[in-house]
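A look at the structure
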Amino acid sequence: MLKMLDKAKELIEEVKAFNATTKDEVEAFRIKYLGKKGVLNELFAEFKNVENHLKKDFGQALNTLKNTAENKVKELKEALENAQEQKGMYGDLTRPAEPIELGSRHPISLVRNKIIDVFSRIGFTVSEGPEIEDDWHNFTALNLPEYHPARDMQDTFFIEKNPDILLRTHTSSVQMRYMETHKPPIRTISPGRVFRNEDISARAHCIFHQVEGLYIDTDVSFADLKQTLLYFTKEMFGKSKIRLRPSYFPFTEPSAEVDIYWGLETETDYRITKGTGWLEIMGCGMVDPNVLRNANIDPEVYSGYAFGMGIERIAMLLYQIPDIRMFYENDVRFLEQFKSVL
Ligand code: PHE
């Protein structure tokens, strides 16, 4: 009966060497060895005929054969499934998906949208204009004729040494264009990108964003301006204490700078309000009669107010951002912090 033992050992080698390229081949192999009428069962049936002193070796050989065959079937099945999955156009459709990264709005967009939202609730519409401007709309029409010393307040980028074509230094230029094409009553805000030839630092950049507002009607007074500003600061910051400091802008008379009372509770490093509790957020004033005249609006009939603010400055305040350059670096670690805001 040594023959039976040799046969079992031969079969083990055969099983080990087996390979398959299709699932059907694997199934045929399984039936051949492990099926009801398969090789293994046949050999087990021979067990009783094996001489006693060989029984132990034969039994061990059968067990090895069984385990080897079972492992082989498992191994080949897995290999074929993997290969099929990689070949398939979509792979395994039941596989868990890659997590989808949710994007977020840029903080400048978030703040701009909020400002637009606050003003649109009191009837302001949004107007836009070109970033490349002519001298008239950016300066001259706004009561800043050539050689006016206040032109130095806004260092300007000129296009190709042509002093008439420039990158707008504020979006007041859009208000000028709006007045040319619309009749009072006018209620508009102009958000947009502006350019100034300034050194880049933590507080200033040569490209930044503004929202400027313009209101023109009969009998518009400084009181209307103040009330609008108060409404804005309440809605935007939840603060209801503001003060107006006299200031100078060529296109408004009188002019003022608006401070809001931020308080000292959040003053951790004296950077925000420098220990005063007050913080400057924008410029404003009553539209100068010369500006109205330049837009063919009769200053004897109409009056108006205007205001302008930097979006970056407001965003830095709201989110406690210490350096203006962070807005333009597009570092995802910075940007993804705004996922759940506004
Ligand atoms: N245009 C001014 C600036 O860019 C802001 C401003 C607008 C001031 C309207 C008063 C009135 O600094």
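Residues numbered from 1 in each chain as written. Predicted model: local features only at pLDDT ≥ 70, side-chain atom pairs only at ≥ 80, totals over all residues. Heavy atoms only, no water.

**Section: the sheet that holds strand β9 (residues 278–287)**
Formally: Strand pairing is assigned whenever DSSP detects at least two bridges linking the two strands. Secondary structure counts use DSSP, requiring at least four H or I residues in a row for a helix and at least two E residues in a row for a strand, with both numbered from the N terminus.
The 7 strands lie next to each other as β1-β5-β6-β10-β9-β8-β7, forming an open sheet whose pairing is mixed. Across the chains shown, the open sheet's two edge strands, defined by having one partner strand only, are β1 (125–126) and β7 (242–249).

**A short note on the site of the ligand**
Quick note on the threshold: The criterion for a residue being near a molecule or strand is simple. One of its heavy atoms has to lie within 4 Å of it. Definition of a polar contact: a pair of N or O atoms within 3.5 Å, with one able to donate and the other able to accept a hydrogen when the atoms are protein atoms, and with sequence-neighbouring residues admitted only if both atoms are side-chain atoms. Areas reported here follow the Shrake-Rupley algorithm with a probe of radius 1.4 Å; residue values treat only the protein chains shown as occluding. Gly is put with the polar residues, along with every residue not named as nonpolar or charged; the nonpolar set is Ala, Val, Leu, Ile, Met, Phe, Trp, Tyr, Cys and Pro, and the charged set is Asp, Glu, Lys and Arg.
Neighbouring the ligand are 14 residues; H170, S172, R196, Q210 and E212 lie closest to it. In this structure, H170 approaches the ligand through a side-chain N or O atom, which is 3.1 Å from a nitrogen atom. Out of a free accessible area of 320 Å², the ligand has 92% covered by protein chains. Of all elements in the fold, only β6 (207–217), β9 and β10 (303–310) reach the threshold of two or more residues within the shell around the ligand. Its residues placed into classes, the shell around the ligand shows 5 nonpolar, 7 polar and 2 charged.

**Some thoughts on the sheet that holds strand β4 (residues 162–167)**
Pairing is antiparallel across the open sheet formed by 3 strands, whose spatial order is β2-β4-β3. Each end of this open sheet is capped by a strand with a single partner; those strands are β2 (132–134) and β3 (158–159). Here β3 runs beside β4; their pairing, made up of 2 bridges, is antiparallel. Bridging across to β4, I159 finds its partner in N162.

**Details of the domain arrangement of the protein chain**
As a reminder, the rule being used: An automatic or database domain assignment supplies the start and end points of every domain.
Each assigned domain of the protein chain is listed here: domain 1 (2–90) and domain 2 (107–338). Summarising the inter-unit geometry, the C-alpha centres of domain 1 and domain 2 are found 83 Å apart.

**Considering the environment of T218**
Note the cut-off: Relative accessibility decides the category of a residue: with a 1.4 Å probe and only protein chains considered, values under 20% of the type maximum give buried, values over 50% give exposed, and everything between is partly exposed. Throughout, a contact is declared for two residues whenever any of their heavy atoms are within 4.5 Å.
Relative to the assigned elements, T218 resides in the loop between β6 and α8 (222–237). We classify T218 as partly exposed; its relative accessible area is 37%. For T218 and G304, which are 86 residues apart along the polypeptide, the C-alpha to C-alpha distance reads 8.0 Å. Among all residues touching T218, those that are not within four sequence positions of it are V301 and Y302.

**What about the packing of helix α5 (residues 107–120) against α8?**
The test is simple: Axes here mean lines fitted to C-alpha atoms, for a helix over just the part in contact, with angles spanning 0 to 180 degrees between N-to-C directions. By the definition adopted for this analysis, an angle is roughly parallel if under 35 degrees, roughly antiparallel if over 145, roughly perpendicular if from 65 to 115, and oblique otherwise. Crossing chirality is assigned from the near helix's rotation relative to the far helix, an anticlockwise turn below a right angle marking it left-handed and a clockwise turn marking it right-handed.
Across the interface, α5 lies against α8 with an axial gap of 10 Å and an inter-helix angle of 130°. Here α5 lies oblique to α8, going by the angle between them. Here α5 and α8 pass one another in a crossing that is right-handed. Taking contact as the criterion, the partners of V111, K114, I115, V118 and F119 in α5 are, on α8, T228, Y231, F232, E235 and M236. Tallied by class, the residues present in the contact of α5 with α8 amount to 7 nonpolar, 1 polar and 2 charged.

**A few points about the side chain of D288**
Note the threshold: Neither His nor the chain ends is counted toward charge; the positive residues are Lys and Arg and the negative residues Asp and Glu. Salt bridge, as used here, is a side-chain nitrogen of Lys or Arg placed within 4 Å of a carboxyl oxygen of Asp or Glu.
Locating D288 in the fold gives a position in the loop between β9 and α9 (289–294). As a buried residue without a salt bridge, D288 has its nearest oppositely charged side chain in R293, at a separation of 6.2 Å. In terms of polar contacts, D288 uses its side chain to reach the backbone amide nitrogen of N290, at 2.9 Å. Look past the residues within four positions of D288 in its chain and what remains in contact with it is N143, P250, F251, T252 and E253.

**Side note on the pairing of β6**
In summary, the side chains of a regular strand alternate between the two faces of the sheet. Counting buried residues along β6, 8 of its 11 residues qualify, which places the element largely inside the surrounding structure. Sheet analysis places strand β5 (residues 186–195) next to β6, joined by 10 bridges and oriented antiparallel. Directly across from I189, in β6, lies its bridge partner G213. One ladder, built from 8 bridges, connects β6 with β10; its direction is antiparallel. Of the residues in β10, the one forming a bridge with G213 is F307.

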